[in-house]
Number of protein chains: 2
Amino acid sequence: MAARSSDGDTRREWVPAVLAARDDTTCRVREVLDRVGEKWAVTVIAELGRKPRRYNELRRAIPGVSQRMLTATLRGLERDGLVRRTVHPVVPPRVDYELTPLGGTLLNTVSALLDWAVEHIDDVDGARAEYDGRQEVAAPG
Amino acid sequence: MAARSSDGDTRREWVPAVLAARDDTTCRVREVLDRVGEKWAVTVIAELGRKPRRYNELRRAIPGVSQRMLTATLRGLERDGLVRRTVHPVVPPRVDYELTPLGGTLLNTVSALLDWAVEHIDDVDGARAEYDGRQEVAAPG
DNA sequence: CTGAATCCAAGGGGATACTG
DNA sequence: CAGTATCCCCTTGGATTCAG
């Protein structure tokens, strides 16, 4: 689907009627982008991709996440079938989280985006510096 | 970078220390995810991927976008070096937007994510239905 | 035509305290 | 240990108006 030409080609015919319209399909495609944009979703998926974890293990593995957001993120991912939550009826409580196969395929796809980011950080940074420089000249302090 | 195994593998060693830590690199990788999560960014990139456009052409091509957000999105993309803005000094004003080569490579990467979304919409939807069903049973109205 | 400025509502997300 | 419940701030983003 969606045949792509080589890197750097700025001319395409194919893409995103997917995004332009807003039929049902389109709408839910957007939801995937929203999820990726959530502050902790990709981090959690990536962390679970390394290995299954318990709640607090996960919490320690992700510096900066609050209990509230970790729980909310996990619930969302579970609802979408990306993460499986397993409660062990023991005391003290033990809850394991792991990536589902579906979550695994998403991780594979998203990590291409992460690779892109790492690879092009300098380009983006340079562009920003240049842009900000131009703005300063245009609107002197 | 980041060797990946086949689809559906839920066990990885590699991934994103990139996201776990928060050194400079990490931080800016997150910014890429944020950008993808912005409501109109990917849509605009995709639309410009089809062909360069003028401001209002773009606006008409993207139903639902407000002037405010279209401008803001374009500014952000321009600042990151993903989009080039060309002002023609004529009256009435004419401003052309086009994807840069860098923007092109991002589009190629993101579209893999769009493909994933289209391909797995039904899985996600099914998971949601099942999850919501379980919740209803657990917390009856 | 291409924006900038202002106003405002909704939701994301952090800090903290409490619970089974 | 694994969460829930509150409070509250700040950002995102839509509507509208003004301007070059």
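Predicted model only: the values in this text are computed from it and were never measured.

With that settled, the discussion passes to the protein's contact with DNA strand C. Around DNA strand C, a shell composed of 19 residues is seen, among which A:K39, A:R68, A:M69, B:R85 and B:Y97 lie nearest. Of what DNA strand C places within 4 Å of the protein, 62% of the atoms are sugar or phosphate. Within the side chain of B:R68, an N or O atom sits 3.4 Å from a base oxygen of DNA strand C. Within the side chain of B:R85, an N or O atom sits 2.4 Å from a phosphate oxygen of DNA strand C. Looking at the surface near DNA strand C, the elements with two or more residues in it are α5 (67–79) of chain A together with α4 (55–61), α5 (67–79) and β3 (94–99) of chain B. Here the surface near DNA strand C takes four residues from α5(B), the largest share from any one element. Partitioning the surface near DNA strand C into residue classes produces eight nonpolar, five polar and six charged.

The full set close to DNA strand D counts 20 residues, and A:R85, A:Y97, B:K39, B:R68 and B:M69 are the nearest of them. Looking at DNA strand D alone, sugar and phosphate atoms form 63% of those within 4 Å of the protein. B:R68 has a polar side-chain atom sitting 2.5 Å from a base oxygen of DNA strand D. Among the elements of the structure, α4 (55–61), α5 and β3 (94–99) of chain A together with α5 of chain B are those that each provide at least two residues to the surface near DNA strand D. The element that contributes the greatest number of residues to the surface near DNA strand D is α5(A), accounting for four residues.

The next subject is the sheet that holds strand β1 (residues 53–54) of chain A. Residues and elements named next belong to chain A. Strand order in the open sheet made by the three strands is β1-β3-β2, with antiparallel pairing throughout. Pairing within the sheet leaves two strands with one partner each, and these edge strands are β1 and β2 (83–88). Of the pairings in the sheet, the one linking β2 to β3 comprises six bridges and is antiparallel in character. Within the sheet, the bridge partner assigned to V87 lies in β3 and is V95. Seen against the sheet, helix α3 (residues 41–50) touches β1, β2 and β3 and runs at an angle of roughly 95 degrees to β3. Where α5 meets the sheet, its contacts fall on β2 and β3, and the angle it forms with β2 comes to roughly 110 degrees.

Let us look at the confidence of the model for chain A. Within chain A, residue pLDDT values average 85, and 80% of them lie at 70 or more. Within the model, the stretch residues 1–16 of chain A combines pLDDT values under 50 with 40 contacts to residues more than four positions away or in other chains.

So, on to the sheet that holds strand β1 (residues 53–54) of chain B. All names here are of chain B. The three strands lie next to each other as β1-β3-β2, forming an open sheet whose pairing is antiparallel. For this open sheet the edge positions go to β1 and β2 (83–88), each flanked by a neighbour on one side alone. Here β1 runs beside β3; their pairing, made up of two bridges, is antiparallel. When the sheet's bridge partners are listed, R54 is paired in β3 with D96. Sheet strands in contact with helix α3 (residues 41–50) are β1, β2 and β3, and its direction is about 95 degrees off that of β3.

How each quantity is defined
Once a new chain begins, its residue numbering starts again from 1 and follows that chain's sequence as written. For naming, the first written chain is A and the first written ligand is 1, with later ones following in the order written. Local features in this predicted model are restricted to residues whose pLDDT is 70 or higher, and side-chain atom pairs enter the listing and the counts only when it is 80 or higher, whereas totals over whole chains, interfaces and linings include all residues. Side-chain metrics rest on all non-hydrogen atoms present in the structure, leaving aside hydrogens and water. Note on definitions. A residue lies near a molecule or strand when any single heavy atom of the residue is within 4 Å of it. Polar contact is defined as a pair of N or O atoms within 3.5 Å, subject to the rule that within protein one atom must be able to donate a hydrogen and the other to accept it, and that residues adjacent in sequence are counted only when both atoms are side-chain atoms. Helix numbers and strand numbers start at the N terminus; a helix is a DSSP run of H or I with at least 4 residues, a strand a run of E with at least 2. Gly falls in the polar group here, along with every residue not listed as nonpolar (Ala, Val, Leu, Ile, Met, Phe, Trp, Tyr, Cys, Pro) or charged (Asp, Glu, Lys, Arg). Paired strands are those between which DSSP finds at least two bridges. Residue contacts follow a heavy-atom distance rule, with two residues in contact if any of their heavy atoms lie within 4.5 Å. A fitted line through C-alpha atoms serves as each axis, taken over the contacting stretch for helices, and the angle formed by two N-to-C directions is quoted from 0 to 180°. On a range of 0 to 100, pLDDT expresses the predictor's confidence in each residue.

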